[in-house]
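Structural characterization, general
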Amino acid sequence: MNVHTHTVNTLLGAIAGVGKDARRGGYTRPVHSSAETTLREWFTAEAAARSLEVSTDANGIIWAWWDLPGSAKDEASRRGALVTGSHLDSVPGGGAFDGPLGVASALAAYDELAGRVATGSLVRNRALALAVFPEEEGSRFGVACLGSRLLTGAIDPARALQLRDGEGNTFAEVAAANGLDPARMGRDDAALARIGDFIELHVEQGQGLNSPAHTDDAGRGPAVAVGGSILGHGRWRLSFFGQGNHAGTTLMADRADPMVAAAQAIVAVRRIAAAQDDARATVGRIEPVPGGTNAIASRVDMWLDVRHPDDAVTAMLVEKIHGQAQKLAAFEGCSVHLTEESFSNTVHFDSGLVRSLSNSVRRQVPDAPLLPTGAGHDAGVLAAKVPAGMLYVRNPSGISHSPQEHVEDDDAAAGVLALADALAELL
Ligand code: GLV
Ligand code: MN
Ligand code: MN
């Protein structure tokens, strides 16, 4: 076992028991839950143990600074720094690597770079910061990448503060209970000026590295890829309204059952997306109100995730789905209302950074390809304001947002070295 494997395993091993979900399997670590708070404390302790200066900003983003020696640690000395990191929150029942791999690899890459500086093989000209972004998954408040959206001004803080979680708590209330000042949240130009380049390492979440174009005779792909683009994606809520009533006394002909309309709409979502090249559309969550076995629902909320490389096509698909849902709802004597919850354009990462990442990564992993991804990331949101890029580490099955997500030890080690080399090149 080499030193990088050891570091990533040790780091991820230390949090392996945090936020385990006995019912769903895997991990459930929503932002500001006790699990995510424990992970934030773990990161803070790991960074402090490395003598990095740690602080949490107004938007709840954690920054751990490796300043230049003799630096004043002020705005001027940190402007244009190199930043790497990811997130610690998870989807419900998610895997161990989506987010934490990038955070653990950032710490391990720091260890590697600090070693190079100590031996004189690396001379730094820039500060480095490790960052942890809150609510990347949007699994608690519905808007993905909430921390980076607030930082960049991609979401109005007034809207963000009113978002509610499943228990009805507002983001403002939850943030305040976790030591943040809601009045200070929002676009932070000073923090943005500190990011010269942002690099996020992430577990690969599809079949990119496993595709025949990249695999060897044994069917094994390279350990690391460089990110090229992120598919445009968004989330919408379709709320179906009907007549809540008694399951036993309401004749079938007398019903206005929004559950039936929603069920048919789910089938229509698949049909509409399947007919469009490169489209993906998913209904992964549905909530009937009141949700009783012996009650016809009065309302059903279902959440729609639609993705396509062309943002105009995404808009067209959502329009089609909405139109179909209206027809299906009317046929059942119900109505439907569509609300956009979040949207992210298709992003092409900064070409200069992609070139630099490709050159340095290919020293370790000569066949590292450039991959597009269908998954969203804070790097994609930050890319609107600063040069951003990504590295992906091989996931043998490609499965993600599932307990089965996996990264092999050697690939994690290759990821750390690739990240360290890429950072060294830019430092
Ligand atoms: C986050 O991983 C997303 O793509 O939704
Ligand atoms: Mn994810
Ligand atoms: Mn992620």
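Numbers given for residues are sequential positions, taken from 1 along each chain in its written order. Chains and ligands are labelled by the order in which they are written, letters from A for the one and numbers from 1 for the other. Per-residue local features of the predicted model are confined to residues with pLDDT of at least 70, and side-chain atom pairs are confined, for both listing and counting, to 80 or more; whole-chain, interface and lining totals are unaffected and use all residues. Water and hydrogen atoms play no part in the side-chain values, which are based on all heavy atoms of the structure.

Looking at the metal site, the manganese ion (ligand 3) is ligated by His-87 (NE2), Asp-98 (OD) and His-202 (NE2), spaced 2.1 to 2.2 Å from it. Any nitrogen, oxygen or sulfur atom within 2.8 Å of a metal ion counts as a donor, with the limit raised to 3.2 Å for Na, K and Ca, and since water is left out, coordination shells can look unfinished. Mapped onto the sequence, the residues coordinating the manganese ion (ligand 3) show the spacing H-x10-D-x103-H. We call a residue buried when its accessible area falls under 20% of the maximum for its residue type, exposed when it is over 50%, and partly exposed in between, using a 1.4 Å probe and counting protein chains only. In this structure His-87 comes out as buried when scored by relative accessible area, which is 0%. Since its relative accessible area comes to 1%, His-202 is described here as buried.

Every helix listed is a DSSP run of H or I at least four residues long, and every strand listed is a run of E at least two residues long, numbered separately from the N terminus. Strand S6 (residues 224-230) sits mainly inside the fold: seven of its seven residues count as buried. By the convention used here, strands pair only if DSSP detects at least 2 bridges between them. As judged from the two bridges shared by S6 and strand S13 (residues 347-348), these two strands associate in the antiparallel manner. Paired with Ile-230 across the two strands is Val-347, which belongs to S13.

It is worth spelling out the site of ligand 1 at this point. Every residue lining ligand 1 is accounted for by Glu-137, Arg-307, Ala-375, Gly-376 and His-401. In protein, a polar contact means a hydrogen-donor-capable atom and an acceptor-capable atom, both N or O and within 3.5 Å, with residues adjacent in sequence counting only if both atoms are side-chain atoms; elsewhere, any N or O pair within 3.5 Å suffices. In this structure, Glu-137 approaches ligand 1 through a side-chain N or O atom, which is 3.3 Å from an oxygen atom. Note that accessible areas follow from Shrake-Rupley with a 1.4 Å probe, and for residues the cover is restricted to the protein chains shown. Relative to its free-state accessible area of 190 Å², ligand 1 is covered by the protein chains to the extent of 93%. Lys, Arg, Asp and Glu make up the charged group, whereas Ala, Val, Leu, Ile, Met, Phe, Trp, Tyr, Cys and Pro make up the nonpolar group; the residues left over, Gly among them, are polar. Across the shell around ligand 1, the residue classes break down as one nonpolar, two polar and two charged. For this purpose, a residue is taken to be near a molecule or strand whenever a single non-hydrogen atom of the residue falls within 4 Å of it.

Attention shifts here to helix H13 (residues 409-426). To estimate how far a helix should reach, multiply one less than its number of residues by 1.5 Å. Across its 18 residues, H13 extends 26 Å between first and last C-alpha, which sits within 8% of the 26 Å expected from 1.5 Å per residue. In terms of residue burial, H13 counts as a mostly covered element, since 15 of its 18 residues are buried.

Within the protein, the manganese ion (ligand 2) binds to Asp-98 (OD), Glu-137 (OE), Glu-137 (OE) and His-401 (NE2); these donor distances fall in the range 2.1 to 2.7 Å. Here the donor residues of the manganese ion (ligand 2) share one chain and are spaced in sequence as D-x38-E-x263-H. Here the manganese ion (ligand 2) and the manganese ion (ligand 3) are spaced 3.6 Å apart, and both take Asp-98 as a donor. Here Glu-137 is found in the loop between strand S4 (128-133) and helix H5 (146-152), whereas its partner His-401 is found in the loop between strand S15 (388-393) and H13, with 264 residues between them in sequence.

With that settled, consider the packing of helix H9 (residues 258-274) against helix H10 (residues 311-331). Taken N-terminus to C-terminus, the directions of H9 and H10 make an angle of 150 degrees; their axes are 9 Å apart at the nearest point. By the criterion of interaxial angle, the relationship of H9 to H10 is roughly antiparallel. In this structure, H9 crosses over H10, and the sense of that crossing is right-handed. Contacts between H9 and H10 involve Ala-261, Gln-264, Ala-265, Ala-268, Val-269, Arg-271 and Ile-272 on the former and, on the latter, Leu-317, Lys-320, Ile-321, Gln-324, Ala-325, Leu-328 and Ala-329. Residues of the contact of H9 with H10, tallied by class, amount to 10 nonpolar, two polar and two charged. Helix axes are fitted only over the stretch in contact, all axes being lines through C-alpha atoms; the angle between N-to-C directions runs from 0 to 180 degrees. For classification, angles of less than 35 degrees are called roughly parallel, those exceeding 145 degrees roughly antiparallel, those between 65 and 115 degrees roughly perpendicular, and all remaining angles oblique. Here a crossing is taken to be left-handed if its near helix is turned anticlockwise relative to the far helix by less than a right angle, and right-handed if that turn runs clockwise. Any two residues whose heavy atoms approach within 4.5 Å at even a single point are treated as in contact.

Before going further, it helps to spend a moment on the sheet that holds strand S12 (residues 335-344). One open sheet accounts for four strands, arranged S9-S11-S7-S12; its pairing is antiparallel. Edge positions in the open sheet fall to strand S9 (280-289) and S12, since each of these has one partner strand only. In this sheet, adjacent strand axes meet at a mean angle of 15 degrees when their direction is disregarded.

So, on to the packing of aromatic side chains. Pairs were defined over the aromatic rings of Phe, Tyr and Trp, the Trp ring being its six-membered one, requiring ring centres within 6.5 Å. Orientation was assigned from the angle between planes: stacked under 30 degrees, edge-to-face over 60, tilted for the rest. For the coordinates displayed, the defined rule picks out six aromatic pairs. Over a ring means this: the NZ of a Lys or the CZ of an Arg is within 6 Å of the ring centre and within 35 degrees of the ring normal. Between the NZ or CZ atom of Arg-124 and the centre of the ring of Trp-66, over which it lies, the distance is 3.6 Å. Stacked on the ring of Trp-303, the Lys or Arg Arg-285 has its end atom at 3.6 Å from the ring centre.

Nonpolar cores were defined as sets of buried Ala, Val, Leu, Ile, Met, Phe, Trp, Tyr and Cys residues, with membership established by side-chain atoms within 4.5 Å. Counting 82 residues, the largest nonpolar core has Phe-43, Leu-101, Leu-113, Leu-130, Phe-198, Phe-349 and Leu-391 as its most contacted members. Of the residues forming this core, the biggest block, 10 residues, is contributed by H13. Once residues within four sequence positions are removed from consideration, Phe-43 is found in contact with Ile-62, Ala-64, Leu-88, Val-103, Leu-107, Leu-130 and Val-132. Ranked by size, the runner-up nonpolar core spans 25 residues in total, among them Ala-265, Ile-272, Leu-304 and Val-306.

Another aspect to go through is the pattern of salt bridges. Every case where a carboxyl oxygen of Asp or Glu lies within 4 Å of a side-chain nitrogen of Lys or Arg is listed as a salt bridge. In total, this model carries 22 salt bridges according to the counting rule given. Where Arg-285 meets Glu-287, a salt bridge forms, and the shortest distance between an N and an O atom there is 3.5 Å. Take Arg-285: its relative accessible area is 39%, and that puts it in the partly exposed class. For Asp-305, the salt bridge goes to Arg-307, with nearest N and O atoms at 2.7 Å.

Contact geometry for helix H4 (residues 100-119) and H13: axes closest at 8 Å, N-to-C directions at 60 degrees. If you check the angle between H4 and H13, you find them oblique. For the pair H4 and H13, the crossing hand works out as right-handed. Contacts from Leu-101, Ser-105, Ala-106, Ala-108, Ala-109, Glu-112, Leu-113 and Arg-116 in H4 reach Ala-412, Val-416, Leu-417, Leu-419, Ala-420, Asp-421, Leu-423 and Ala-424 in H13.

With that out of the way, let us pick up the domain arrangement of the protein. Where each domain begins and ends is defined by an automated method or by a domain database. Under the domain assignment, the protein is made up of domain 1 (2-231 + 346-426) and domain 2 (232-344). For domain 1 versus domain 2, the separation of C-alpha centres amounts to 33 Å. Each partner contributes residues to the interface: domain 1 has 13 residues there, and domain 2 has 14 residues. Summed over both partners, the accessible area (1.4 Å probe) lost when two parts come together is defined as the buried area. At the boundary of domain 1 with domain 2, total buried surface from both sides reaches about 1,000 Å², with 37% on carbon and sulfur atoms. Between the two partners, domain 1 and domain 2, sit zero salt bridges. Counting across the domain 1 and domain 2 interface gives 12 residue pairs in polar contact (both at pLDDT 80 or more). Of the residues that constitute the side of domain 1 that touches domain 2, the class distribution is five nonpolar, five polar and three charged.

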